[in-house]
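Residue-level listing of the chains:
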Amino acid sequence: MMKIREIDMSNEKVFAAVAIVAGVMMAGGPAVADGDAEQGRKAFRQCAACHSIEKGAHRTGPSLANIWGRKAGTIDGFRRYSKALKGAGVVWDDKTLDQWLANPKSLIPGNRMVFSGMADGAERQDLIAFLKGISDGGAETAGGMQGGMMGQRLPNLKELGPNNQVKSVTHCADTYDVTTQNGETHQFWELNLRLKTDSSENGPPKGAPVLIPGGMRGDRANLVFSSPEEISAIIKEQCKNE
Ligand code: HEC
């Protein structure tokens, strides 16, 4: 009898202790601190096409390396903020990020982020925990893992080989002839060849554009120059074999 009682007693004590600890934890911080940052890292895949978590590496949207606690629209070096976001007067914290991720349009009407929202509240909390974690100086490690884990690091166009390095480009009527350093000439209908610039440190060398296949069927490609003035300097208007 005594023995059983003792066991009962200790169980009660354990339950009481657990209840107290849980109570303290819940009282100690906002409920939103519950997110799981590791899960959040996975949820970030929905953002990674437009945002990096590497400081200074902007894409369609600004780098989110230090978003936590910042005033909206103030990340250094991002030049494409909407007036709406810059003038919103919002500071990014648990509450505002939750509202933004649930429905960007309703928090800041007229913003330019093309994202319809994340309906799952738990997923939002995980993502917020992740963003908070990398903003506390964890961005370096997170950025380092990004290439391997998320596969989102952009290729360095200076490292491409002779199949992609362009020797010459001619334009005749509706056709571009692009000759690469390996001696091959590729022909494109002019509306299927996209002329782009990449002036970042990952862009092609000066005066040496690169050809990157685009699309599934192989009839489209991107011709990437290091600056806009190179486009007409390098492409020669010339008809061969006529
Ligand atoms: C299609 C591209 C795109 C996707 C996907 C996207 N964003 Fe954005 N995001 C943007 C753009 C562009 C802006 C700037 C909007 C503006 O200036 O109105 C922005 C702005 C933001 C801002 C405010 C930045 C600041 O400096 O105030 C946060 C925070 C943000 N995005 C988080 C996210 C998260 C988290 C996800 C994933 C759930 C996500 N975004 C998905 C393009 C995107």
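Residues numbered from 1 in each chain as written. Predicted model: local features only at pLDDT ≥ 70, side-chain atom pairs only at ≥ 80, totals over all residues. Heavy atoms only, no water.

A. Up close: the overall build of the protein chain. Looking only at helices and strands, the protein chain has seven helices and seven strands in total. Going from the N terminus to the C terminus, the protein chain shows its helices and strands as α-α-α-α-α-α-β-β-β-β-β-β-α-β. The burial tally for the protein chain puts 34% of its 242 residues in the buried class. Contacts spanning at least 24 positions in sequence make up 48% of the contacts within the protein chain whose residues lie at least 6 apart. (Helix = DSSP H or I, 4+ residues; strand = E, 2+ residues; numbered from the N terminus. Buried < 20%, exposed > 50% of the residue type's maximum accessible area, 1.4 Å probe, protein only. Contact = heavy atoms within 4.5 Å.)

B. How the structure looks around the coordination of the iron atom of the ligand. Every protein donor of the iron atom of the ligand is listed here as His-51 (NE2) and Met-113 (SD), and their distances to the metal cover 2.0 to 2.1 Å. Considering all six donor atoms around the iron atom of the ligand, the spread of angles at the metal, 85 to 179°, places the coordination shape in the octahedral class. Taken together, the residues span a long stretch of sequence, with His-51 in the loop between α2 (37-43) and α3 (83-86) and Met-113 in the loop between α5 (104-107) and α6 (121-150) at a distance of 62 residues. By relative accessible area, Met-113 is classed as partly exposed at 26%. (Donors = N, O, S within 2.8 Å, 3.2 Å for Na, K, Ca; no water. Tetrahedral: all angles 85-135°; square planar, octahedral: opposite > 155°, others 65-115°.)

C. Fine view of the state of the cysteines. Evaluation of the coordinates by the stated rule reveals one disulfide. Residue pairing for Cys-172: its cysteine sulfur links by disulfide to Cys-239, the two sulfurs lying 2.0 Å apart. On the S-S bond that ties Cys-172 to Cys-239, the torsion sits near 100°, and the link is right-handed. Placement of the pair is Cys-172 in strand β1 (residues 166-172) and Cys-239 in the segment after β7 (235-237), with a sequence separation of 67 residues. Residue classification places Cys-172 among the buried positions, given a relative accessible area of 17%. (Disulfide = S-S within 2.5 Å.)

D. Representation of the sheet that holds strand β6 (residues 220-225). Spatially, the three strands line up as an open sheet ordered β4-β6-β5, and their pairing is mixed. The sheet terminates laterally at β4 (193-197) and β5 (210-214), the two strands that pair on one side only. Direction aside, neighbouring strands of the sheet carry axes that sit 25° apart on average. Pairing between β5 and β6: five bridges, direction antiparallel. Bridge pairing links Pro-213 to Ala-221 in β6. (Pairing = 2+ DSSP bridges. Axes fitted to C-alpha atoms, helices over the stretch in contact; angles between N-to-C directions.)

E. Looking closely at the site of the ligand. The immediate surroundings of the ligand are formed by 26 residues, with Cys-47, Cys-50, His-51, Ser-82 and Met-113 found nearest. At a separation of 2.8 Å, an oxygen atom of the ligand approaches a polar side-chain atom of Trp-92. Measuring from an oxygen atom of the ligand, one finds a backbone N or O atom of Arg-112 at 2.6 Å. At the level of secondary structure, the elements contributing two or more residues to the shell around the ligand comprise α4 (94-102) and α6. A total of three residues in the shell around the ligand trace back to one element, the largest contributor, which is α4. Split by residue class, the shell around the ligand holds 18 nonpolar, seven polar and one charged. (Near = heavy atom within 4 Å. Polar contact = N/O pair within 3.5 Å; in protein donor to acceptor, adjacent residues only side chain to side chain. Nonpolar A, V, L, I, M, F, W, Y, C, P; charged D, E, K, R; others polar.)

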